[in-house]
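Residues per chain are reported as follows:
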Amino acid sequence: MAFSKDDSSSSSDIRDQEQEHEDRKATIVIEHLIQASDVSHTMQHWHIYQEWNERFFMECYRAYKEGRAGSDPSENWYKGEIGFFDFYVIPLARKLESCGVFGVSSDEYLNYAKANREEWVREGEAMVQHYIAKYNREQNARGQ
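Below is a short write-up of the structure.

The rules behind each value
- Residues numbered from 1 in each chain as written.
- Predicted model: local features only at pLDDT ≥ 70, side-chain atom pairs only at ≥ 80, totals over all residues.
- Heavy atoms only, no water.
- Helix = DSSP H or I, 4+ residues; strand = E, 2+ residues; numbered from the N terminus.
- Areas by Shrake-Rupley, 256 points an atom, 1.4 Å probe, with all protein chains shown as cover.
- Lys, Arg positive; Asp, Glu negative; His and termini not counted.
- Charge placed at Lys NZ, Arg CZ, Asp CG, Glu CD.
- Core = buried A, V, L, I, M, F, W, Y, C linked by side-chain atoms within 4.5 Å.
- Buried < 20%, exposed > 50% of the residue type's maximum accessible area, 1.4 Å probe, protein only.
- Expected span 1.5 Å × (residues − 1).
- Salt bridge = Lys/Arg side-chain N within 4 Å of Asp/Glu carboxyl O.
- Axes fitted to C-alpha atoms, helices over the stretch in contact; angles between N-to-C directions.
- Parallel < 35°, antiparallel > 145°, perpendicular 65-115°, else oblique.
- Left-handed = near helix turned anticlockwise from the far one by under 90°.
- Contact = heavy atoms within 4.5 Å.
- Nonpolar A, V, L, I, M, F, W, Y, C, P; charged D, E, K, R; others polar.

### Focus: the overall build of the chain
Inference 1: In terms of helices and strands, the chain carries four helices and zero strands.
Inference 2: Written out in order from the N terminus, the α and β elements of the chain read α-α-α-α.
Inference 3: Along the first, second and third principal axes, the C-alpha set of the chain runs to 90 × 30 × 20 Å.
Inference 4: Total accessible area on the chain is roughly 9,700 Å²; 50% of this is exposed by carbon and sulfur atoms.
Inference 5: Mean positive and mean negative side-chain charge positions of the chain (17 and 26 charges, respectively) differ by 6 Å.

This is how it looks when you write it as structure tokens:
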């Protein structure tokens, strides 16, 4: 069976398209990994989430108190975290799960994200008040 030049070219085009498709998938997976690395604390055990959430709150609250931020983060922190879970973290965890790059751990990340959201709904308002009180204690201890 003889192949014409067009058959060879067509086969090459198909391989190129398949490679492009694989490259696109790899790029999407890498983008998801980069996004997840920034918010990985939200997809881990509650105490990890809590520790990093407090650190970020304190950074933002300190910036506000020192005049480097225009709004008080404590006013929206509780509701903001719920929205963050609903519209960013949980959808991202689902994307990671669908990529399959983490195997069974993907289920774990999604489950932790959902559990942390539920825990935040129950405890978040009190935690924000605790963060503010802790900040004030630290400032008082420094004599500020």
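From this point on, the discussion continues.
### Topic: the nonpolar core
Inference 1: Core analysis: the largest hydrophobic core is formed by 25 residues, its most contacted members being Met43, Phe57, Trp77, Trp120, Val128 and Tyr131.
Inference 2: Among the secondary structure elements, those contributing two or more residues to this core are helix H2 (46–65), helix H3 (77–99) and helix H4 (105–141).
Inference 3: Broken down by element, this core gets its largest block of residues, nine residues, from H3.

### Observations concerning H2
Inference 1: Under the 1.5 Å per step criterion, the end-to-end length of H2 is 28 Å for 20 residues, consistent within 8% with the ideal 28 Å.
Inference 2: Looking one or two residues beyond H2, the residue adopting positive phi is Gly67, at roughly 80°.

### Points about the pattern of salt bridges
Inference 1: Applying the stated criterion to the full structure yields five salt bridges.
Inference 2: Across the pair Glu51 and Arg55 runs a salt bridge, and its minimum N-O distance is 2.9 Å. Residue Glu51 and its partner Arg55 are located together in helix H2, separated by four residues, close to a single helical turn.
Inference 3: Look at Glu51 and you get partly exposed, because its relative accessible area is 33%.
Inference 4: The salt bridge involving Lys134 is made with Glu54; its shortest N-O contact spans 2.5 Å. Taken together, the residues span a long stretch of sequence, with Lys134 in helix H4 and Glu54 in helix H2 at a distance of 80 residues.
Inference 5: Owing to a relative accessible area of 26%, Lys134 belongs among the partly exposed residues under this scheme.

### Focus on the packing of H2 against H3
Inference 1: The interhelical angle for the contact between H2 and H3, taken along N-to-C directions, is 125°, at an axis separation of 13 Å. Between H2 and H3, the interaxial angle falls into the category oblique. Of the two elements, H2 crosses H3, and the hand of that crossing is right-handed. When H2 is examined against H3, the residues Tyr49, Asn53, Phe56, Phe57 and Cys60 are found in contact with a partner set consisting of Trp77, Glu81 and Phe85.
Inference 2: Broken down by class, the residue content of the contact of H2 with H3 amounts to six nonpolar, one polar and one charged.

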